[in-house]
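Each chain, letter by letter, is given below.
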Amino acid sequence: NVMGGASFVTNDVFYRTIGLQARASYYFNETWGAELTAMYLFSNKTDITKEAANSPNLKQVDTLVTPKSYFGGDVYFNAIYGKIALNDRKIIPFEFYQEVGAGQMMTTGSQSSTAVHAGLGQIFARTRDQAFRVDLSLYFFNAKNINGEKQFTNSLSLTVDYGLFFPGARDR
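The rules behind these values
- Residues numbered from 1 in each chain as written.
- Predicted model: local features only at pLDDT ≥ 70, side-chain atom pairs only at ≥ 80, totals over all residues.
- Heavy atoms only, no water.
- Pairing = 2+ DSSP bridges.
- Helix = DSSP H or I, 4+ residues; strand = E, 2+ residues; numbered from the N terminus.
- Axes fitted to C-alpha atoms, helices over the stretch in contact; angles between N-to-C directions.
- Salt bridge = Lys/Arg side-chain N within 4 Å of Asp/Glu carboxyl O.
- Buried < 20%, exposed > 50% of the residue type's maximum accessible area, 1.4 Å probe, protein only.

Moving on, we get to the sheet that holds strand β6 (residues 111-125). Strand order in the closed barrel formed by eight strands is β1-β2-β3-β4-β5-β6-β7-β8, and the pairing between neighbours is antiparallel. Strand-to-strand twist of the sheet, defined as the mean angle between neighbouring strand axes without regard to direction, takes the value 25°. Of the pairings in the sheet, the one linking strand β1 (residues 2-9) to strand β8 (residues 150-164) comprises eight bridges and is antiparallel in character. Bridging across to β8, Phe8 finds its partner in Leu158.

Attention now moves to the pattern of salt bridges. Taken as a whole and assessed by the stated rule, the structure comprises six salt bridges. One salt bridge connects Glu35 with Arg23, and the closest N-O pair in it is separated by 3.0 Å. Here Glu35 is found in strand β3 (residues 32-45), whereas its partner Arg23 is found in strand β2 (residues 15-27), with twelve residues between them in sequence. With respect to burial, Glu35 and Arg23 carry one shared label: buried. Note that Arg133 is salt-bridged to Glu99, the shortest N-O span being 3.6 Å. Taken together, the residues span a long stretch of sequence, with Arg133 in strand β7 (residues 130-144) and Glu99 in strand β5 (residues 90-107) at a distance of 34 residues. In terms of burial, Arg133 and Glu99 fall into one category: buried. Taken together, the shared-partner salt bridges in this structure form one network comprising Arg23, Glu35, Glu99, Arg133, Asp135 and Asp161.

So this is what it looks like as structure tokens:
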């Protein structure tokens, strides 16, 4: 299974962080699998951050850590699978999964940090070979900020993916 999509970091009020994500998965059986994830993110200051930079009474937010990229591996567990009906005309197979793993998070200032990842989501089959995926992932990491101080942080990302299954359903 190969998927690609767009990610949005939802828990950062100081930076608007979006990016691209690619995943490659191998399923050992219907329940268990392994997955590699690569994510590249881009951050822009929000209005709150711009206002804080102009205020002499507020502490600068330039020292905050924001994620830039992540590469890691996960153990994939498919907890529930089934089918849903769309307007009583189409049946869409789905699966609900959880995953946990670790990898390397690159942060602001090109600092690398070990990250722990936990995620959950749903895969909706479009055809026998193609699917949509909605994923909510939490990354925990400890990185140095711009001032060189260690800072424990987390990033919660929402990702929407589209992908292909290899081999196709006819060959499985």
